[in-house]
Amino acid sequence: MPIRLLSSEVSSQIAAGEVVERPASVVKELAENSLDAGAKNISIAIEDAGRALIEVADDGQGIPANELELAASRHATSKLIQSEDLFHIQTLGFRGEALASIGSVSHMVITSRVESAKEGARLKVDGGVSNKVEKVGAPVGTVVRVENLFYNVPARLKFLKSDVTERRAIDSLVTRYALAYPQVRFKVTDGKQATLQTAGDGDRRAILAALYGVDVAKQMLEVMATEDDPSTSSGRGLSLSGFISPVSLTRSNRKEITFFVNGRWVQEFSLTAALLQAYHTLLMVGRYPLTALFLEIAPEDVDVNVHPTKAEVRFRSQDKVFSFVQRSARKALLAYTPVPSVSPQLWGSRSRSDEMPGRQVGIDWSVAHDSVGSEQSSVGSDELRDTSYESRITNSESPVSNLQSAFTTGVPLLRLIGQIGSTYLVAEGPDGLYLIDQHAAHERVLFEKLMAQHESKSIPSQALLAPEVVTLPPQSAKTLTEQLPFLNHFGFEVEEFGANTFQVRAMPILFSGGDPASALKALVEDFEEDESPLQAEVEARLAARVCKRLAVKGGQTLTSEEQRSLLNDLEACNSPRTCPHGRPTMIHLSVDTLERQFGRKGAR
Ligand code: ADP
Ligand code: MG
């Protein structure tokens, strides 16, 4: 084929593809424009996961009627004049591409009015072709209405994921912007339902609660650090603010690690790496923190013009930024979290309220802060126990070196000796001493019973005395809606009860006394977008999560009757040596090990 210039239609579609990949990218570009225009209120309406409609309305400064057509053309921007300006970018936009790109792959209508004009103006763009600008009555501000996204690019349409996934991408985007701009009121409506609304009163923790739920928001630790740098033109150095999760609060992936740089949401590997460094040795392998961190840096020290979506940045001195983020996060973390060690004192100091199922719901702020801040009381988290367990097995000098008895085999009949630290059962077997983690053990017991009942299709359930109403953050609510059939299958009676709200009427008898809210949350927390659709596997995994949430916790004193029955139940399990998540339920100190340790037998 001979070389030809691309037609403007083709080249604009290629360019659009870089900026507008999915409905969420449209929302991002439009919301960024509203923020750049100084809006205090931004309302976003979505229909059909953004395929049918995305409308973003703001009360910003507006676009003058005579500039409207220009605003929708490629490389037209009011935010940048010379190339040097690229290194002093103070706005979110600057490439002048978004409106043109969106207009070329949709039916777009921009309605806008500036304060000084008596009436507003409207421009329609259909698949990149602009119509005439018309005068219309309109309030000050801008409304961009995007219909039938990708109607003329069927290939793109095919690449879109399920409605749920696309909507989730939009929600997660808007909530993050709401976090970054707590002074701005954001509202999202999906069809007729309002799914997110922020107050615009500057309260970031309240927005965190909308994003992750109240109990998570309460636990998040605040980060606040600044460092002056006289070498920059402004003397301004680096500052980091926002929230990070304590070590007891983790996810199985990095999706909840959020960074903003100068008000811009970025996916920047080096920042994530710095953060993970801060958590180094505090988290179990494969676990990641949740964060919403806002880095401010002198504009000349950061290059934002790396990629059309502006989601990547380059720092002039990467090392400096890395160590600043790492140090600041670490400091915040250590201020609240005692470093885990294998000292026996830790075992007994676990506070009861910390781990009781259901206790996290409804405690007031002061209590929550207290328990996070006070030295030892929050040590009892699973993760911490995991860490200290790991450090015990990796330490070959440890007296507990004989751990590798096959985890899959059954356990011999055990004689209960008692409970220590309100957390472990001590028992004697034919070959030495057994230390049993009551939480892990109970998880295993519940899980096997539940799965057995499930197999025989007879999960007895019990109506709650009073139905419990549980409200979840919008994303979690969506996930839960999809999981309702599972729940009902497993002896729960749960129904939707208004926006993001559910009513639990019955629970499996197995969990009687457990907190229904915890059970629901266990299902949606950590839920992976692309979880395997193999039904049996998913069900087992979900069941395991619920069991984990509702099992007896460490720090809970058990009566000897309860201890004994837990032990008996554990003996009856098919795989008593691990919890459904693979952690050991018990540590075995053989007579042989004991004898060596006491120097009775061939000292090592
Ligand atoms: P960029 O944001 O990179 O400048 P866009 O294509 O997103 O490019 O927007 C082009 C121009 O249209 C902007 O520079 C701005 O002047 C104007 N504009 C777009 N959206 C709005 C809005 N919501 N309020 C006011 N002006 C807007
Ligand atoms: Mg823009």
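What comes next is a walk through the structure. All of these numbers come straight from a predicted model, not from anything done at the bench.

Calculation notes
Residues numbered from 1 in each chain as written. Chains lettered and ligands numbered in written order. Predicted model: local features only at pLDDT ≥ 70, side-chain atom pairs only at ≥ 80, totals over all residues. Heavy atoms only, no water. Core = buried A, V, L, I, M, F, W, Y, C linked by side-chain atoms within 4.5 Å. Buried < 20%, exposed > 50% of the residue type's maximum accessible area, 1.4 Å probe, protein only. Helix = DSSP H or I, 4+ residues; strand = E, 2+ residues; numbered from the N terminus. Domains from an automatic or database assignment. Near = heavy atom within 4 Å. Polar contact = N/O pair within 3.5 Å; in protein donor to acceptor, adjacent residues only side chain to side chain. Areas by Shrake-Rupley, 256 points an atom, 1.4 Å probe, with all protein chains shown as cover. Nonpolar A, V, L, I, M, F, W, Y, C, P; charged D, E, K, R; others polar. Pairing = 2+ DSSP bridges. Axes fitted to C-alpha atoms, helices over the stretch in contact; angles between N-to-C directions. Salt bridge = Lys/Arg side-chain N within 4 Å of Asp/Glu carboxyl O. Parallel < 35°, antiparallel > 145°, perpendicular 65-115°, else oblique. Left-handed = near helix turned anticlockwise from the far one by under 90°. Contact = heavy atoms within 4.5 Å.

### A short note on the nonpolar core
General note: in soluble globular proteins, nonpolar side chains tend to be found buried as a group.
Here's step 1: By size, the foremost hydrophobic cluster in this structure holds 59 residues, and its most contacted members are M108, V146 and V174.
Here's step 2: The greatest single-element share of this core, amounting to eight residues, is contributed by helix α6 (residues 163-180).
Here's step 3: Composition of this core by domain shows at least three residues from each of domain 1 (8-198) and domain 2 (220-336).
Here's step 4: Y288, L293, V304 and V313 belong to the second largest nonpolar core, which has 35 residues in total.

### Topic: the site of ligand 1
Here's step 1: Every one of the 19 residues lining ligand 1 counts as a neighbour, but N33, T77, S78, K79 and G96 are closest to it.
Here's step 2: For ligand 1, an oxygen atom lies 2.5 Å from a polar atom in the side chain of T77.
Here's step 3: Side-chain polar atom of K79 to an oxygen atom of ligand 1: 2.7 Å apart, as the coordinates give it.
Here's step 4: A total of 530 Å² of accessible area belongs to ligand 1 in isolation, and the protein chains cover 93% of it.
Here's step 5: Mapped onto the shell around ligand 1, the elements with two or more residues apiece are α2 (23-36) and α4 (98-104).
Here's step 6: In terms of residue class, the shell around ligand 1 is built from seven nonpolar, eight polar and four charged.

### Considering the sheet that holds strand β23 (residues 586-589)
Think of a sheet as strands paired side by side through backbone hydrogen bonds, with each pair either parallel or antiparallel.
Here's step 1: The antiparallel open sheet is built from four strands, whose spatial order is β17-β18-β19-β23. Edge positions in the sheet fall to β17 (415-420) and β23, since each has one partner strand and no second. On average, each strand axis in the sheet is inclined to that of its neighbour by 20°, with strand direction left out of account.
Here's step 2: Judged from the six bridges that link them, strand β18 (residues 424-429) and strand β19 (residues 432-437) form a sheet pairing that is antiparallel. For A427, the partnering residue across the bridge sits in β19 and is Y434.

### Focus: the pattern of salt bridges
Here's step 1: Overall, the coordinates contain 20 salt bridges when judged by the stated rule.
Here's step 2: A salt bridge links E428 to R415; the nearest nitrogen and oxygen atoms lie 2.9 Å apart. In this pair, E428 is assigned in strand β18 and R415 in strand β17, connecting sequence segments 13 residues apart.
Here's step 3: Residue E448 pairs with R444 through a salt bridge whose shortest N-O separation is 3.1 Å.

### Remarks on the packing of α2 against α6
Each packed pair of helices is defined by two parameters, the angle between the axes and the distance between the axes.
Here's step 1: In the contact formed by α2 and α6, the axes pass within 8 Å of each other and the chain directions differ by 20°. The orientation of α2 with respect to α6, classified from their angle, is roughly parallel. The hand of the α2/α6 crossing is right-handed. When α2 is examined against α6, the residues P23, A24, V27, K28, E32 and L35 are found in contact with a partner set consisting of E166, A169, I170, L173, V174 and Y177.
Here's step 2: The residue makeup of the contact of α2 with α6, split by class, is nine nonpolar, no polar and three charged.

### Notes on the sheet that holds strand β20 (residues 461-471)
Here's step 1: Across the sheet, three strands lie side by side as β20-β22-β21; this open sheet has antiparallel pairing. The open sheet is flanked by β20 and β21 (493-496), the only strands paired with a single partner. Averaged over all neighbouring strand pairs, the angle between strand axes comes to 15°, with direction disregarded.
Here's step 2: The pairing of β20 with strand β22 (residues 501-508) spans seven bridges and is classified as antiparallel. Among the inter-strand pairings, V470 is bridged to a residue of β22, identified as F502.
Here's step 3: Its contacts with the sheet put helix α16 (residues 474-489) on β21 and β22, and the angle it makes with β21 is roughly 145°.
Here's step 4: Its contacts with the sheet put helix α17 (residues 516-524) on β20, β21 and β22, and the angle it makes with β20 is roughly 65°.

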